[in-house]
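Spelled out, the chains give:
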Amino acid sequence: MTMQRTLLSLLLLLSLPCTLAQAATLCPDSTAVPRNPVALPIDGVAFPADSVGVPADKAKSGSFVRRLVKGRVEHLREEYSIDSIRSIRDVDSILAEKYQKKGTYDTLYLARPTQRFTARARMNVSGASIHTQGYHEEKPYEGHLATPSRLTTSIGIAYRGFGVALSVNPGKLSGESHTTEFNFNYYANRYGGELTYVNSKDFSGWSKISDVRREIPKDLMTSSMFYASGYYAFNYRRFSYPAAFTQSYIQRRSAGSWMVAATWMSGSWETKKIEGIGVIKMRSGGLGFGGGYGYNWVINEHWMVHGSALPTFVLGSFNRLTIAGHKEKVPYAFPEFIFTERIAALYQFQKNQFAGLTFVAYTMINGSRKDLRMSQTRWRLRVSYGIRF
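All values derive from a computational prediction rather than experimental measurement. (Residues numbered from 1 in each chain as written. Predicted model: local features only at pLDDT ≥ 70, side-chain atom pairs only at ≥ 80, totals over all residues. Heavy atoms only, no water.)

**Overview of the side chain of S224**
At step 1: By the element assignment, S224 lies in strand β10 (residues 221–233).
At step 2: The exposure class assigned to S224 is buried, which follows from its relative accessible area of 17%.
At step 3: At 3.0 Å, the side chain of S224 forms a polar contact with the side chain of S268.
At step 4: Leaving out residues up to four positions away in the same chain, S224 has contacts with Y197, V198, N199, S266, G267 and S268. (Helix = DSSP H or I, 4+ residues; strand = E, 2+ residues; numbered from the N terminus. Buried < 20%, exposed > 50% of the residue type's maximum accessible area, 1.4 Å probe, protein only. Polar contact = N/O pair within 3.5 Å; in protein donor to acceptor, adjacent residues only side chain to side chain. Contact = heavy atoms within 4.5 Å.)

**Details of the nonpolar core**
At step 1: Formed by 45 residues in total, the largest nonpolar core has its most connected members in F203, Y241 and W269.
At step 2: Setting aside anything within four residues of it in sequence, one finds Y241 in contact with Y187, A188, N189, Y231, M259, H306, S308, L310 and R342. (Core = buried A, V, L, I, M, F, W, Y, C linked by side-chain atoms within 4.5 Å.)

**A few points about the side chain of N124**
At step 1: Looking at the secondary structure, you find N124 in strand β2 (residues 117–136).
At step 2: There is a polar contact of 2.7 Å between the side chain of N124 and the side chain of R382.
At step 3: Once residues lying within four places of it in the same chain are set aside, the contact partners of N124 are R150, L151, T152, L381 and R382.

**Observations regarding the packing of aromatic side chains**
At step 1: One pass over the full model with this rule turns up 17 aromatic pairs.
At step 2: A ring pair is formed by Y232 and F234, whose centres lie 5.5 Å apart and whose planes are at 75°; its orientation type is edge-to-face.
At step 3: Judged by relative accessible area, which is 52%, F234 ranks as exposed.
At step 4: Here the aromatic residues Y187, Y231, F239, Y241 and F245 are joined through ring pairs into a cluster of three or more.
At step 5: Over the face of the ring belonging to Y249 we find R112, whose NZ or CZ atom lies 4.0 Å from the ring centre.
At step 6: In this structure, R253 is placed above the aromatic ring of Y109, and the distance from its NZ or CZ to the ring centre is 5.9 Å. (Phe/Tyr/Trp six-rings, centres within 6.5 Å; stacked < 30°, edge-to-face > 60°. Lys NZ or Arg CZ within 6 Å of the ring centre and 35° of its normal.)

**Topic: the layout of surface pockets**
At step 1: Here the second largest pocket is characterised by a volume of approximately 560 Å³.
At step 2: The wall of the second largest pocket is formed by 28 residues, among which I250, Q251, R252, E301 and Q348 lie closest to the centre.
At step 3: Counting residues per element, the ones that place at least two in the lining of the second largest pocket are β1 (110–111), β11 (250–251), β14 (303–323) and β16 (337–350).
At step 4: Tallying contributions element by element places β16 first for the lining of the second largest pocket, with four residues.
At step 5: Residues belonging to the lining of the second largest pocket are distributed by class as follows: twelve nonpolar, ten polar and six charged. (1 Å grid on protein atoms, 1.4 Å probe; cavity = no way out; pocket = protein on both sides within 12 Å on 5 of 7 lines; lining within 4 Å. Points joined across faces, edges and corners; volume = space filled by probe spheres on them. Nonpolar A, V, L, I, M, F, W, Y, C, P; charged D, E, K, R; others polar.)

**As for the pattern of salt bridges**
At step 1: In the structure shown here, the tally under the stated rule is seven salt bridges.
At step 2: Between K218 and D202 there is a salt bridge whose closest N-O contact spans 3.8 Å. Pair noted here: K218 is in the loop between β9 (212–216) and β10 and D202 is in the loop between β7 (191–200) and β8 (204–209), with a separation of 16 residues, a long-range link.
At step 3: In this structure, E270 and K281 form a salt bridge, with 4.0 Å as the shortest nitrogen-oxygen distance. Pair noted here: E270 is in strand β12 (residues 255–271) and K281 is in strand β13 (residues 280–298), with a separation of eleven residues, a long-range link.
At step 4: In this structure K281 comes out as partly exposed when scored by relative accessible area, which is 34%.
At step 5: Three or more residues joined by partner-sharing salt bridges are found here, namely R150, E181 and R378. (Salt bridge = Lys/Arg side-chain N within 4 Å of Asp/Glu carboxyl O.)

Structural data, given as structure tokens:
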């Protein structure tokens, strides 16, 4: 119990808007005199009544961490009008007030779940493909590579928007999959983004030069792909990405928003020596800026459907193809694009249970068929079931 109280107290203190500069001077912006000269014990960290609220030049010397925590405590007193944090219930009530803060969204369109916890089970299916087309030594060239669908399952729990999850890849455990994947998603009403990195040896497919086709078996190629994106939604007070993808908000009425976006997508692929062709290497990447539109359609009290598209124009890119030591460097060819598409469907069983399906795809198209045209696609399908309590 003591450990739980300590973690919750530190989580609360670190979430308060007191800057390091304020902490270094014991938050001089909060100079009000305490109503009751009592100590503020936080799980064993007690501060004498005569030192809380005292300006920095009169406070006793101490470590930076002690002064930082003391400054947070003083800010806590002033903002929430409390004298002590003596139990988990005190911490929970303050976090609930911060979580349910309604000044940043229109309550006619959006709401926060009233429950403290959200437990969730998920199944993810993902994959990637690459298609190239162009000319190699004045001979037509075409190739296609793809990974088998990758299945992962996960369970997780979130408290007031802070969550942890455990994910398992059955194929990785059995040795059938040779893919390592990292995903980071941050969805908020106003802005958000995604980071995805994949390293894989599971690509397989074919290549064709002058109508001579060669098969590229699995484990012959090593690849790595990196994708990053960010968005800003203008109608963030009524439209919510989290309502569709993380369920940390509830969309009450249908709403949409125009958005601006920035994307980066890159990858590298290298095969072992292929008989009759040699080693094939590919490098590709691009940075794009643009925008699009997203919409949450609330059909009834149970169903909500989301759709969004964020096309971006690639302002700078690089494409290189090396076959048997011969390099083909492809100049930038306008227009080049990176597309980000998101689709979601959410069903609310009761007030505390829901099920959802989401689909996210990233596609980059760059180069020219006169030299080298490359299309990369990365996609992820997710099915989830959750309960709030």
